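For reference, the chains in residue letters:
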Amino acid sequence: MNLVAEWQIILGPENFPNLFTHINLWVFLPLHIIPYPLRAFQFIINYHLAQLDEDSPPSIWKTLYEHYKFVNTYAFNIYFAIIMAISITWGAIRLILYPVNQWGHYGSGITDFYFIVVLCGFAICSILLWITAYVLKDTHEEIRINKELILINILWSIFAPIYIVVGMIQLKPEYNYLDIIPQYLIVFLTIYDFTITFCYPISIASIKPEEITFGIDVLDNFELFLNDPEGSRLFYNYTVHRNTRESYLFFKDVQNFRSITDVQELQKEYKKICEKYCEGKTILTLNMRKEKRESVLNATTVDPTIFDNLYKAYKIVVVKDVFYPFKITPEFEAFARAQKARILKKNVPIPN
């Protein structure tokens, strides 16, 4: 997208083919901008769905929760393809209806309509991205809302509208002395876009701490911690804030599954766990490769150990990605102090 704008600066607007400007507006610009609001919208939906369960009261979120296939990643990829198809089709229609957009015409491709489309796209993207940033503050991911991200959003909110507004003004003959301003601004926006491309993924990255050991079994062993009533409650609350309740619920469900002795009940729970965590149809789908998740599906025989391999593989992921970060939270630190105090009360030496 910015490459087109840069060549327009180099060649000069009067020598730049209108066809390239037209393609930029209806192909490159949507291709560049649309994923941002779509992903932001998907995150907002998933954030709300992560707060629900089967017993939640009826609501629009509960409806989406029960029909997760319409809001999962695959669905949003389809929505993106549909929006792009609409944009390209509309661009093709305008290319036919307005010969000025066709090859051989120069210098008049940027119009009020062009800037209005860009302005609408900017407004939609900005609103959804700011809402997403606001929602992020509740996910216990403070690193995501850092000074760099705030600065990027502020600069975007200031300079992008200036570029669009000045660009629209300079189309009027009486304001042709402003022609040079959009050219300088597009250089700035190009640099800014480069900053977004590389800095934003860094700003949303999570620091994964190394393992912290206390020498106390209930604090160091993930499964023992889950079996402690207070530890289990704290970890569940943490996974709710992190939008990763499956990191807790899957292990609890499999542990309960292992204790079932009735064959019919075992078959019933097997199907329930598969639908809930492995088939990709719910918000609780395990964050693992599809092949690994589906390895337990369509089993000819069901026994209490059928989920053991998946359990072990997912445990490795959760311990590193969820349990280790949880161990540096104030809630875990308070729990650890209580455990140490309990040991001291029993006069049992605490390992160094």
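Keep in mind it's a predicted model, so treat the numbers as computed, not measured.

### As for the overall build of the protein chain
Item 1. When you go through the protein chain residue by residue, the secondary structure sums to 16 helices and 0 strands.
Item 2. Across the 352 residues in the protein chain, those meeting the buried criterion constitute 42%.
Item 3. For the protein chain, contacts bridging at least 24 residues in sequence account for 71% of all contacts bridging at least 6.
Item 4. Accessible surface, the protein chain as shown: approximately 20,100 Å² in total, 64% of it carbon and sulfur.

### Re the pattern of salt bridges
Item 1. One pass over the full model with this rule turns up 8 salt bridges.
Item 2. Between K62 and E66 there is a salt bridge; the shortest N-O distance is 3.6 Å. You can see K62 and its partner E66 sitting in helix α4 (residues 60-66), 4 residues apart, about one turn around the helix.
Item 3. Residue classification places E66 among the exposed residues on the basis of a relative accessible area of 52%.

### Structural notes on the nonpolar core
Item 1. Counting residues in each nonpolar core, the largest one holds 56 residues, and the members touching the most others are F235, F250, F257 and F307.
Item 2. When residues in this core are grouped by element, the largest group, 10 residues, is from helix α15 (residues 308-326).
Item 3. Both domains that furnish three or more residues to this core are identified here as domain 1 (3-206) and domain 2 (217-347).
Item 4. Residues within four places of F250 in sequence aside, it is in contact with I273, Y277, L286, L310, Y311 and Y314.
Item 5. The next biggest cluster of nonpolar side chains, apart from the first, holds 6 residues, and it includes A40, F43, I44 and L128.

### A closer look at the UniProt feature "transmembrane region" (unreviewed entry) in the protein chain
Item 1. Mapped onto the present numbering, the UniProt feature "transmembrane region" (unreviewed entry) falls at residues 74-93, 113-136, 148-169 and 181-202.
Item 2. The span residues 74-93 shows a helical share of 100% and a strand share of 0%, and its end C-alpha atoms are spaced 29 Å apart.

### Focus on the packing of helix α12 (residues 246-258) against α15
Item 1. Packing of α12 against α15 brings their axes to within 10 Å, and their N-to-C directions diverge by 150°. One finds that α12 runs roughly antiparallel with respect to α15. Along this stretch, α12 crosses α15, giving a crossing that reads as left-handed. Contact residues: E246, S247, F250, F251, V254, Q255 and R258 in α12; D308, L310, Y311, Y314, K315, V318 and V322 in α15.

### Some details on a nonpolar patch on the surface
Item 1. A contiguous nonpolar surface patch, about 480 Å² in accessible area, is contributed by F70, I78, Y79, I82 and I86.
Item 2. Residue placement: I82 occurs in helix α5 (residues 73-97).
Item 3. You can call I82 partly exposed: its relative accessible area is 45%.

### Some words on the side chain of N46
Item 1. Within the fold, N46 resides in helix α3 (residues 35-49).
Item 2. If near-sequence neighbours (up to four positions away) are discounted, N46 is found in contact with Y68, V71 and I283.

### Brief notes about the confidence of the model for the protein chain
Item 1. The predicted model of the protein chain has a mean per-residue pLDDT of 76, with 70% of residues at 70 or higher.
Item 2. No element of the protein chain has a lower mean pLDDT than helix α8 (residues 180-203), at 50, and none a higher one than α12, at 93.
Item 3. Contacts of residues 198-205 to residues separated by more than four positions or lying in other chains number 10 contacts, the stretch itself having pLDDT below 50.

### Some remarks on the environment of K62
Item 1. Using a relative accessible area of 8% as the deciding quantity, one classes K62 as buried.
Item 2. Along the chain, K62 and Q51 lie 11 residues apart, while their C-alpha atoms are 9.9 Å from each other.
Item 3. If we skip the residues at most four places from it in the chain, K62 touches L52, D53, E54, S56 and P57.
Item 4. At 2.9 Å, the side chain of K62 and the backbone oxygen of S56 are in polar contact.

### Some remarks on the state of the cysteines
Item 1. One pass over the structure, following the stated rule, counts 0 disulfides.
Item 2. You can see C274 has no disulfide; the closest cysteine sulfur is in C278, sitting 5.1 Å from it.

### A word on the packing of helix α11 (residues 229-241) against α12
Item 1. With their axes 8 Å apart at the nearest point, α11 and α12 run at an angle of 135° to one another. Considering their axes alone, α11 and α12 lie oblique with respect to each other. Along its contact with α11, which presents S232, F235, Y236 and T239, the element α12 presents S247, Y248, L249 and K252.
Item 2. Within the contact of α11 with α12, the residues separate by chemical class into 4 nonpolar, 3 polar and 1 charged.

So, how was this worked out
Residues numbered from 1 in each chain as written. Predicted model: local features only at pLDDT ≥ 70, side-chain atom pairs only at ≥ 80, totals over all residues. Heavy atoms only, no water. Helix = DSSP H or I, 4+ residues; strand = E, 2+ residues; numbered from the N terminus. Buried < 20%, exposed > 50% of the residue type's maximum accessible area, 1.4 Å probe, protein only. Contact = heavy atoms within 4.5 Å. Areas by Shrake-Rupley, 256 points an atom, 1.4 Å probe, with all protein chains shown as cover. Salt bridge = Lys/Arg side-chain N within 4 Å of Asp/Glu carboxyl O. Core = buried A, V, L, I, M, F, W, Y, C linked by side-chain atoms within 4.5 Å. Domains from an automatic or database assignment. UniProt positions renumbered as here; feature names shortened; annotations may be inferred. Axes fitted to C-alpha atoms, helices over the stretch in contact; angles between N-to-C directions. Parallel < 35°, antiparallel > 145°, perpendicular 65-115°, else oblique. Left-handed = near helix turned anticlockwise from the far one by under 90°. Patch = residues over 30% accessible without salt bridge, like charges linked within 9 Å, V, L, I, M, F, W, Y side chains within 5 Å. pLDDT = per-residue confidence, 0-100. Polar contact = N/O pair within 3.5 Å; in protein donor to acceptor, adjacent residues only side chain to side chain. Disulfide = S-S within 2.5 Å. Nonpolar A, V, L, I, M, F, W, Y, C, P; charged D, E, K, R; others polar.

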